[in-house]
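Architecture at a glance
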Amino acid sequence: MKVIDHLNSAEKTLFSFEILPPLKGKSITSIFDGIDPLMEFKPKYINVTYHREEYIFKERANGLLEKIAIRKRPGTVGICAAIMNRYHVDAVPHLICGGFSKEETENALIDLQFLGIDNVLALRGDSIKTESTFRPHPEGHSYAVDLIKQIIDMNHGNYMTEDYQLEATDFCIGTAGYPEKHFEAMNLTTDLQFLKAKVDAGAEYIVTQMFFDNDKFFAFVDACRAIGITVPIIPGLKPIKTLNHGTFLPKVFHIDIPEALSKELLKCKTNDEVAALGIEWGIQQSKELMAKNVPCIHYYTMSNSNEVRTIASNVF
Ligand code: FAD
């Protein structure tokens, strides 16, 4: 079933979460170990993140450095199929522009359709770690909106490969939104215009970047509605967990820690104290969001379900 249908038929706020594929070499049971404790909260769908290749430099015998691409985590297709097979819930693979030619994207989507996976979260992806700005694949897409257009084309039966007849796909597409602005955007206004372009191109719902200040989310929703974005907007929450999250999360995800939270964070001496604070903050955030009837709350587990489980047991 499609995410949009789950959202439209829900009578109360839904619970959803995303997992990271494990590092290569681990088995599928490590995924199940992260999902099992969260199944009692009846997620209608589970997202699986995608991690593109990284580059390392190896010194050769002649002293020259060789640039080598390595994939640390497996792709999403097999993991999504395994999740759907085991739990009978929908899986939502994240599909990114970075590292993919249009043809590779088409092939990935054909694989997903073949396996009965009819949801995708369409993203641009970030730059690779050794580069400061995002560089698209020479035969790929520069922005998520272009990826969305390709998927919609396939939904209309228009493939790149015209040699043989393929059935139209029927993907439900989600897209990303940033209550505190995407870090590359000139300002929130242009960021919202580009978000609207993604929705106009065919994205049926928005999932937000994590945030710790609900007021920023509510203001974001109001700003979206004011420019004519009418699709469901799903807040993304991540429980703060370690002492270094106070600097790590703003640096990596370009978000603010609100003063009330930073004040409490500075009092913490251990990671356990931070985790307890993160759970309490996450419960309060979730309760307030649910009181405002958000369609779903999406939790970033980072493949550690403990804190999300405690939050969910208090609010779902
Ligand atoms: P876009 O919508 O393409 O926007 C990127 C930037 O370009 C923005 O600043 C936007 O304002 C601007 N822009 C958009 N269109 C245009 C245009 N036509 N002309 C000029 N500027 C434009 N990354 C991963 O690698 N794997 C994941 O699994 C993953 N999952 C994520 C899940 C969620 C819910 C979120 C919020 C993010 C996720 N990301 C993931 C991170 C995401 O890939 C990065 O934030 C990336 O930098 C932007 O992706 P996007 O799809 O929002 O890009």
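Notes on the structure in this doc start here. (Residues numbered from 1 in each chain as written. Predicted model: local features only at pLDDT ≥ 70, side-chain atom pairs only at ≥ 80, totals over all residues. Heavy atoms only, no water.)

1. Here's the deal with the overall build of the protein chain
Within the protein chain one finds 11 helices and 10 strands. The C-alpha radius of gyration computed for the protein chain amounts to 20 Å, which stays within 12% of the reference 20 Å derived for 316 residues, consistent with globular compactness. With respect to the principal axes defined by its C-alpha atoms, the protein chain has extents near 60 × 60 × 45 Å. Relative to its full complement of 316 residues, the protein chain shows a buried share of 49%. The contacts in the protein chain between residues at least 6 apart in sequence include a share of 75% that link residues at least 24 apart. Carbon and sulfur atoms make up 51% of the accessible area of the protein chain, which totals about 15700 Å². (Helix = DSSP H or I, 4+ residues; strand = E, 2+ residues; numbered from the N terminus. Rg over C-alpha atoms; globule rule 2.2 N^0.38 Å. Buried < 20%, exposed > 50% of the residue type's maximum accessible area, 1.4 Å probe, protein only. Contact = heavy atoms within 4.5 Å. Areas by Shrake-Rupley, 256 points an atom, 1.4 Å probe, with all protein chains shown as cover.)

2. Quick word on the site of the ligand
Around the ligand there are 22 residues in total, and Tyr50, Asp126, Tyr178, Asp191 and Lys198 lie nearest to it. Measuring from an oxygen atom of the ligand, one finds a backbone N or O atom of Gly125 at 2.9 Å. Asp191 places a side-chain nitrogen or oxygen 2.7 Å from an oxygen atom of the ligand. Every element with two or more residues in the shell around the ligand is listed here: strand E5 (90-96), strand E6 (119-123), helix H6 (188-201) and strand E8 (205-210). (Near = heavy atom within 4 Å. Polar contact = N/O pair within 3.5 Å; in protein donor to acceptor, adjacent residues only side chain to side chain.)

3. With respect to the packing of aromatic side chains
Going through the model one piece at a time under the given rule, you end up with 9 aromatic pairs. With a centroid separation of 5.6 Å and an interplanar angle of 70 degrees, the aromatic rings of Phe15 and Phe41 are classed as edge-to-face. Separated by 26 residues along the polypeptide, Phe15 in strand E1 (residues 14-19) and Phe41 in the loop between helix H2 (28-35) and strand E2 (45-48) bring together distant segments of the chain. Each member of the pair Phe15 and Phe41 is classed as buried. Their ring planes at 80 degrees and their centres at 6.3 Å tell us that Tyr299 and Phe316 sit as a pair that is edge-to-face. Taken as a pair, Tyr299 in strand E10 (residues 296-300) and Phe316 in the segment after helix H11 (306-315) lie far apart in primary sequence, 17 residues in all. On the basis of relative accessible area, Tyr299 is assigned to the buried category, the value being 1%. For Phe316, a relative accessible area of 29% gives the class partly exposed. Members of the aromatic cluster, joined through ring pairs, are Phe15, Phe17, Phe41, Tyr299 and Phe316. (Phe/Tyr/Trp six-rings, centres within 6.5 Å; stacked < 30°, edge-to-face > 60°.)

4. Some points on unusual backbone geometry
A positive phi angle, close to 55 degrees, is found at Lys42, a residue other than glycine. Of note, Lys42 is situated in the loop between H2 and E2. Although it is not a glycine, Lys181 adopts a positive phi angle of roughly 80 degrees. Turning to its location among the elements, Lys181 is positioned in the loop between strand E7 (172-177) and H6. On the basis of relative accessible area, Lys181 is assigned to the partly exposed category, the value being 24%.

5. Some details on the nonpolar core
Membership of the largest hydrophobic core comes to 62 residues, with the highest contact counts inside it found for Ile19, Ile35, Ile83, Ile151 and Tyr299. For this core, the element with the highest residue contribution is helix H5 (residues 144-155), accounting for 6 residues. Beyond its immediate sequence surroundings of up to four residues, Ile35 is in contact with Phe17, Ile19, Ile46, Ile83 and Tyr87. Formed by 17 residues, the second largest nonpolar core is a distinct cluster that contains Leu121, Cys172, Ala176 and Val207. (Core = buried A, V, L, I, M, F, W, Y, C linked by side-chain atoms within 4.5 Å.)

6. Focus on the side chain of Asn155
The topology assignment puts Asn155 in helix H5. The class of Asn155 is buried, set by a relative accessible area of 18%. With near-sequence residues (within four places) excluded, Asn155 lies in contact with Ala168, Thr169, Asp170 and Phe171.

7. Considerations on H6
Residue pairs spaced three or four apart in an α-helix point in one direction, given the helix's 3.6 residues per turn. For H6, spanning 14 residues, the distance from its first C-alpha to its last is 20 Å, which sits close to the expected 20 Å at 1.5 Å a residue. Buried within H6 are the following residues: Thr190, Asp191, Leu192, Leu195, Lys198, Val199 and Ala201. At the N-terminal end of H6, a side-chain oxygen is found 3.1 Å from the backbone nitrogen of Thr189, two or three residues along, and the residue is Asn187. Among the residues trailing H6, Gly202 stands out with phi positive, at a value near 140 degrees. (Expected span 1.5 Å × (residues − 1).)

8. Considering the pairing of E10
Across the 5 residues that make up E10, a large majority, 5, are buried. Sheet topology note: the E1/E10 ladder contains 5 bridges and is parallel. Residue pairing in the sheet places Phe15 in a bridge with Ile297 of E10. Where strand E9 (residues 233-237) meets E10, 2 bridges bridge the pair, whose relative direction is parallel. Within E10, the position partnered with Gly236 by the bridge is His298. (Pairing = 2+ DSSP bridges.)

Such coordinate-based values are descriptive only and should not be taken to indicate function.
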